[in-house]
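Read off the chains here:
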Amino acid sequence: VSDWGGISPVASYASEDRTAGNVDDPKVQIVSYESMDGNSKSKLSTAKSDISDPVLCGNALTNEMKVDMQKKLRSILHALAARHQGVGYCQGMDYIVAHLLRVLQDTILLRIIKTEDWQTMPNDMLRKRMNEINSNTEIVEEVVFQVMDTFFTTYNLQHMYWPELRCLKTCCRVFEILIRQKLPVLADHFEHHDLNVGLFALGWFQTLFLYLPSMPSATVCHMWDIWLVERSFKIFFRVGTAILFLSQPTLLNHDLEGMMTYLNTFPDATLLRADILIPCALQIKITNKMLVEIEMEAIDFLNQTQGIPPAMR
């Protein structure tokens, strides 16, 4: 039985058992959450186009910084694919690694030069020293890789990227059921307009909410802190439900196209601020027991839709 610590292992195990294949196979598999029919094509390497521009967007980054980060990003993703060969590279990992690079790089470099009394250095000299270390070493890539590897192993994030993305589909189905329970009026509105929750939730969960271009970095860091401390995926369900709760007045006044445009862009990003979204999310009661019960219901539904015989479930 799953305790939803990190990522639910029940749905992930089902995927791993049937589709992961030989983990010793040196080929690197690439899976895209844009192909959710289970027929995603595998490739042998992360092509340049796989690292999308939005991953490294931001006015604070110069072109030189973006080139440097893209080089680091590709190096880390290749290393992850080599370490976790049963998973390979899956679209969505790049958002998480890019976020870690942005928020950790300066901290990593400052820790390297902390013995040089950097607090008394002029800012231009300190930045020059950090650039020297950044250019001549791979310490940033090594630390970010170790953090991402910990996410994969200790926090079971790798299950979100198993071939066929069965765990991701289960999370979306669980989220859909939670919406029916917590926001029944909005759920009826979605159903009336034939809006599939997976159309927007897939990107939310697989990138841990980095897929939203207007999501502030501070909000992402706050919810990740809760995830890492609690070792539970509950916070992401809470945040997703809170986003819909705060957006409900707007969504109820839109049709399918309007809702999808809003959910993918959030033109008014005020509700995504950490001081608004996180307290709202923490007020939404979602327990491990509730998630286990909903997960079993979701897995039965997915098995039925995929025609898996009861004996193999």
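Everything numeric here is computed off the predicted structure, so don't read it as measured data.

*Asks:* How should the overall build of the chain be read in this particular structure?
*Replies:* Scanning the chain from N- to C-terminus turns up 13 helices and two strands. Total accessible area computed for the chain in this model is approximately 15300 Å², and 51% of it derives from carbon and sulfur atoms.

*Asks:* Explain helix 3 (residues 93-112) here, please?
*Replies:* Think of an α-helix as turning once every 3.6 residues; residues three or four places apart then point the same way. A rise of 1.5 Å per residue sets the reference length of helix 3, with its 20 residues, at 28 Å; its end C-alpha atoms lie 27 Å apart and thus fit the reference within 8%. In the structure, helix 3 departs most strongly from a straight axis at Leu104, where the bend amounts to approximately 45°. Within helix 3, the full set of buried residues consists of Met93, Asp94, Tyr95, Ile96, Val97, Ala98, His99, Leu100, Leu101, Gln105, Ile108 and Leu109. Buried residues along helix 3 sit against helix 2 (63-83), strand 2 (89-90), helix 4 (123-136), helix 5 (139-153), helix 8 (198-206) and helix 9 (217-230).

*Asks:* What exactly am I supposed to notice about the confidence of the model for the chain here?
*Replies:* Low-pLDDT stretches of the model should not have their predicted coordinates read in fine detail. With 76% of its residues at a pLDDT of at least 70, the chain reaches an overall mean of 80. Confidence drops under pLDDT 50 across residues 1-53; counting only partners more than four residues distant or on other chains, this segment forms 130 contacts.

*Asks:* Even after reading the chapter, I still don't get the packing of helix 2 against helix 3, so can you show me in this structure?
*Replies:* Two quantities define a packed helix pair, namely the angle between the axes and the distance from one axis to the other. In the contact formed by helix 2 and helix 3, the axes pass within 10 Å of each other and the chain directions differ by 125°. Taken as axis vectors, helix 2 and helix 3 run oblique relative to one another. The interaxial crossing formed by helix 2 with helix 3 has right-handed handedness. Each of Asp68, Met69, Lys72, Leu73, Ile76, Leu77 and Leu80 in helix 2 lies in contact with helix 3, whose residues at this interface are Met93, Asp94, Val97, Ala98, Leu101, Arg102 and Gln105. Grouping the constituent residues of the contact of helix 2 with helix 3 by class yields nine nonpolar, one polar and four charged.

*Asks:* Even after reading the chapter, I still don't get unusual backbone geometry, so can you show me in this structure?
*Replies:* Glycine aside, residues mostly have negative phi, and peptide bonds are mostly found in the trans state. The phi dihedral of Leu208 is positive, around 55°, even though this residue is not glycine. On the basis of relative accessibility, which here comes to 1%, the residue Leu208 falls in the buried class. With a phi angle near 75°, Phe209 is a residue other than glycine that sits in the positive phi range. As for its placement among the helices and strands, Phe209 is situated in the loop between helix 8 and helix 9. Owing to a relative accessible area of 0%, Phe209 belongs among the buried residues under this scheme.

*Asks:* Sorry if this is basic, but what is going on with the packing of helix 3 against helix 4 here?
*Replies:* At a minimum axis distance of 10 Å, the contact between helix 3 and helix 4 shows a crossing angle of 95°. Of the possible angle classes, the one that applies to helix 3 and helix 4 is roughly perpendicular. Contact with helix 3, carried on its side by Gln105, Asp106, Leu109, Leu110 and Ile112, involves Leu126, Arg127, Met130, Ile133 and Asn134 of helix 4 and no other residues of that element. Along the lines of polarity and charge, the residues of the contact of helix 3 with helix 4 split into six nonpolar, two polar and two charged.

Analysis parameters
Residues numbered from 1 in each chain as written. Predicted model: local features only at pLDDT ≥ 70, side-chain atom pairs only at ≥ 80, totals over all residues. Heavy atoms only, no water. Helix = DSSP H or I, 4+ residues; strand = E, 2+ residues; numbered from the N terminus. Areas by Shrake-Rupley, 256 points an atom, 1.4 Å probe, with all protein chains shown as cover. Expected span 1.5 Å × (residues − 1). Bend = angle between axes of the 7 residues up to and from the residue. Buried < 20%, exposed > 50% of the residue type's maximum accessible area, 1.4 Å probe, protein only. Contact = heavy atoms within 4.5 Å. pLDDT = per-residue confidence, 0-100. Axes fitted to C-alpha atoms, helices over the stretch in contact; angles between N-to-C directions. Parallel < 35°, antiparallel > 145°, perpendicular 65-115°, else oblique. Left-handed = near helix turned anticlockwise from the far one by under 90°. Nonpolar A, V, L, I, M, F, W, Y, C, P; charged D, E, K, R; others polar.

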